[in-house]
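Reading the structure
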Amino acid sequence: MMKNRFFKIVIFLMMFLLSFSLYAEAKNYYQITIDRDIDATAWLDLKMGIMEAEKKASDAVILNLNTYGGVVLYADSMRTLILNTEIPVYVFINNNAASAGALISIACDSIYMVRGANIGAATVVSGESGEKAMDKYQSYMRAIMRSTAEAQGKKTVTTSGVETEVWRRDPLIAEAMVDEIVVVEGIDDSTHILTFTAEEAVKNGYCEGIYKNVDQIIRHSLNATDYEVEYYESDFWTKLKGWLLNPYLQSVLIMIIVGGIYFELQTPGIGFALCASIVAGLLYFAPLYFDGYADAWEGAVIVVGVLLLLLEIFVVPGFGIFGIVGIICLFGGLFLSMVDNDLFDFELISSERIINSIIAIGISMLGSIALIIYLTSKIGSDGIFKDLALTTSQDIEDGYVGVDTQSESLIGKEGVTSTVLCPSGKVVVDGEYYDAISETGYIEEGESIIVRKFSTGQLYVRKK
């Protein structure tokens, strides 16, 4: 009886340990899908997704990628994040990884592709025209691609019994994806920019395998049988912040900041123009600050610039040192917030990034000037700007005259002299002070008077 009980306990313990070991072997993967141009929103999605994966202690991040490229700034930020994260990041190219997408893919620990997908064509192009950018930009991109491939390290290959170390991903191939001048023997003859199909990428070490979907990758390449895949979903605030970081919108915000300050300088008091400028400034700076590009002191520089301009508007007459310093602080703060400097340390910032920031602010300033000229010429004219200014004239010929009806109503009222009238001075009528002239000559202070008439801005009084 005791032996049977002991035997049952042993079997129970073995089954418990077996089930626990099977549970412990269950893998957790976190999938982030980027099916769009590489922009601020794509960068934020990757950043937030990796943060979530780290919180959940996921075994790996799988980046489901399909893109034709995008902004190099955000692609570089994404590749840096991937290279520096401790969690393995695998990319599944389900259609295209062109241009910026190729850079991001090469940064991942493993590359997987669907049959028919492509990777490469990482030439830097200019704006919307799509024309090839200057050679200095290509040189910078070649260096980024080369260093990203080198970051994957080397592997040992045995050939005819001889072991040699080779790059996991040949840096020269990465360069050839940027510029047709790079020659890769047996692969690229230097007449075209290099782009790999899935089969070519596998053959040349730029793809670990061809699969139909993420589940196949997990089962057959990562050898996981018990696993769970969680999916990242971008929230409203992340999308909003990504939208506000759009370079084109940032240029518009700078135009509003500059234009608002200019129109406020032309009008007395605090009005709509200054409010629009402040709101645009907040929308410009806030996402840069929360995303880590801008520091609080850079925002303080912008605020100081605005305060100096307000001081120039409302306190100091004319336009002098406060206005000049205010403009310098404003544009200096805008520039510094666009480049990820470390308290004026620009060593780790590329000259291209600095130049692009200066160009962006310069274009925005020119756009502001053009907008100011346009609005100045249109205000008061026919159209949507007609009601922004008073255009109707009230001429004397048409019977219009200026009359101070309040002073006319004072005729016949009594008051007291607040100063000596000899014959002019001040009187108080109904608790208000007025300029007055005595009709009867000298009148002492504190004497009672009566208003006789009003003319040329003066009350005419006599002693009561």
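Residues numbered from 1 in each chain as written. Predicted model: local features only at pLDDT ≥ 70, side-chain atom pairs only at ≥ 80, totals over all residues. Heavy atoms only, no water.

**Details of helix α5 (residues 135-150)**
Taking 1.5 Å of rise per residue, the 16 residues of α5 would be expected to cover 22 Å, and the 22 Å separating its terminal C-alpha atoms lies within 8% of that figure. Considered for burial, the residues of α5 that qualify are Tyr-137, Gln-138, Met-141, Arg-142, Ile-144, Met-145, Thr-148 and Ala-149. For α5, the angular spread of the buried residues around the axis is 165°, confining them to a single face. (Helix = DSSP H or I, 4+ residues; strand = E, 2+ residues; numbered from the N terminus. Expected span 1.5 Å × (residues − 1). Buried < 20%, exposed > 50% of the residue type's maximum accessible area, 1.4 Å probe, protein only. Arc of directions from axis to C-beta.)

**What to know about the environment of Val-301**
Its location among the elements puts Val-301 in helix α12 (residues 296-314). Since its relative accessible area comes to 23%, Val-301 is described here as partly exposed. Through-space distance from the C-alpha of Val-301 to that of Leu-330 is 6.7 Å; in sequence the pair is 29 residues apart. Apart from residues no more than four positions distant in its own chain, Val-301 is found in contact with Cys-329 and Gly-333. (Contact = heavy atoms within 4.5 Å.)

**Describing the pattern of salt bridges**
Per the counting criterion, the structure on display carries 17 salt bridges. Residues Arg-169 and Glu-208 are paired through a salt bridge, measuring 3.6 Å at the closest nitrogen-oxygen approach. With Arg-169 in the loop between β9 (162-167) and α6 (171-176) and Glu-208 in the loop between α7 (198-203) and β11 (209-210), this pair connects stretches of sequence that are 39 residues apart. Glu-208 gets classed as partly exposed once you look at its relative accessible area, which sits at 33%. What emerges from the salt-bridge pattern is a single network uniting Lys-132, Arg-142, Arg-146, Glu-175, Asp-179 and Glu-180. (Salt bridge = Lys/Arg side-chain N within 4 Å of Asp/Glu carboxyl O.)

**Notes on the sheet that holds strand β16 (residues 448-455)**
Pairing is mixed around the closed barrel formed by five strands, whose spatial order is β13-β14-β15-β17-β16. Within the sheet, the average angular offset between the axes of one strand and its neighbour, ignoring direction, is 55°. Sheet topology places strand β14 (residues 424-429) next to strand β15 (residues 432-438); six bridges connect them, and they run antiparallel. Across the sheet, the residue bridging to Val-427 is Tyr-434, located in β15. (Pairing = 2+ DSSP bridges. Axes fitted to C-alpha atoms, helices over the stretch in contact; angles between N-to-C directions.)

**Considerations on the packing of helix α3 (residues 72-84) against α5**
The N-to-C vectors of α3 and α5 enclose an angle of 15°; their axes lie 12 Å apart at closest approach. When the axis of α3 is compared with that of α5, the two are roughly parallel. Relative to α5, α3 is oriented so that their crossing is left-handed. Contacts between α3 and α5 involve Val-72, Asp-76 and Arg-79 on the former and, on the latter, Tyr-140, Met-141, Ile-144, Ser-147 and Thr-148. Looking at side-chain class alone, the contact of α3 with α5 contains four nonpolar, two polar and two charged residues. (Parallel < 35°, antiparallel > 145°, perpendicular 65-115°, else oblique. Left-handed = near helix turned anticlockwise from the far one by under 90°. Nonpolar A, V, L, I, M, F, W, Y, C, P; charged D, E, K, R; others polar.)

**A look at the environment of Val-416**
Inspection of the secondary structure puts Val-416 in strand β13 (residues 414-417). Residues Val-416 and Gly-431 lie 15 residues apart in sequence; the distance between their C-alpha atoms is 9.6 Å. Setting aside residues up to four positions removed in sequence, Val-416 forms contacts with Val-427, Val-428, Gly-446, Glu-447 and Ile-449.

**Things to note about the packing of aromatic side chains**
A full pass over the atoms with the stated rule returns four aromatic pairs. The interplanar angle of 70° and the centroid separation of 6.4 Å between the aromatic rings of Tyr-29 and Tyr-227 together place this pair among those described as edge-to-face. Here the residue Tyr-29 occupies a position in strand β1 (residues 27-34), and Tyr-227 occupies one in strand β12 (residues 227-231), the gap between them amounting to 198 residues. Classification of Tyr-29 by relative accessible area gives buried; the value is 5%. Taken together, Tyr-90, Tyr-112 and Tyr-211 form an aromatic cluster joined through their ring pairs. Note that Lys-154 overlies the ring of Trp-167, its terminal NZ or CZ placed 4.8 Å from the centroid. Seen from the ring of Tyr-460, Lys-453 lies directly overhead, with NZ or CZ sitting 4.8 Å from the centre. (Phe/Tyr/Trp six-rings, centres within 6.5 Å; stacked < 30°, edge-to-face > 60°. Lys NZ or Arg CZ within 6 Å of the ring centre and 35° of its normal.)

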